[in-house]
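Survey of secondary and tertiary structure
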Amino acid sequence: TYNTVEELVRVSPKGATERAAMKAYRWADDRTLDVTLRPGNRFPDGEPLTAATVARAFAEVFRWDAPHPPGTHFNIDRRTRVEVTGDHAVRLHFPET
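Now for a look at the structure at hand. None of the values given here were measured: they were computed from a predicted structure. (Residues numbered from 1 in each chain as written. Predicted model: local features only at pLDDT ≥ 70, side-chain atom pairs only at ≥ 80, totals over all residues. Heavy atoms only, no water.)

Bringing the sheet that holds strand 3 (residues 22-29) into the picture now. Pairing is antiparallel in the open sheet, where four strands are placed in the order 3-4-6-5. Taken across any chain shown, the strands that pair with only one partner, and hence form the sheet edges, are strand 3 and strand 5 (81-86). The sheet shows a mean angle of 20° between the axes of neighbouring strands, direction not considered. Relative to strand 6 (residues 89-93), strand 5 is paired through five bridges, and the arrangement is antiparallel. Pairing of Val 82 across the sheet is with Leu 92, part of strand 6. Helix 1 (residues 51-61) contacts strand 4 (32-37), strand 5 and strand 6 of the sheet and is inclined by roughly 175° relative to strand 5. (Pairing = 2+ DSSP bridges. Helix = DSSP H or I, 4+ residues; strand = E, 2+ residues; numbered from the N terminus. Axes fitted to C-alpha atoms, helices over the stretch in contact; angles between N-to-C directions. Contact = heavy atoms within 4.5 Å.)

Among the residues of helix 1, those classed as buried are Ala 51, Thr 53, Val 54, Ala 55 and Phe 58. At its buried positions, helix 1 is contacted by strand 4, strand 5 and strand 6. (Buried < 20%, exposed > 50% of the residue type's maximum accessible area, 1.4 Å probe, protein only.)

Residues Leu 8, Val 35, Leu 37 and Val 54 are the most contacted members of the largest nonpolar core, which totals 13 residues. At the level of secondary structure, the elements contributing two or more residues to this core comprise strand 4, helix 1 and strand 6. Not counting residues within four places of it along the chain, the set of residues in contact with Leu 37 comprises Leu 8, Ala 21, Met 22, Lys 23, Leu 49, Thr 50, Ala 51, Val 54 and His 88. (Core = buried A, V, L, I, M, F, W, Y, C linked by side-chain atoms within 4.5 Å.)

So this is what it looks like as structure tokens:
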């Protein structure tokens, strides 16, 4: 997907997690992650990547039965909630396991 989307994070060839569209992140608590997006990111059609587009993408992915087959270990729990907290900021609320 690297040639079609700009994900928040990606894994380097050496297996390290790297920021992609994400400028910064902070764990607010054990199940709440605040993410700040890099300003200026745009989709190929010129649309800006904003917190609203991240929330829309999460909503769309959660509609799919298996968004990342066969790598289902990449799937995020469907109970996760995405809260837009600013133009370039989202808060991810992960469910208790």
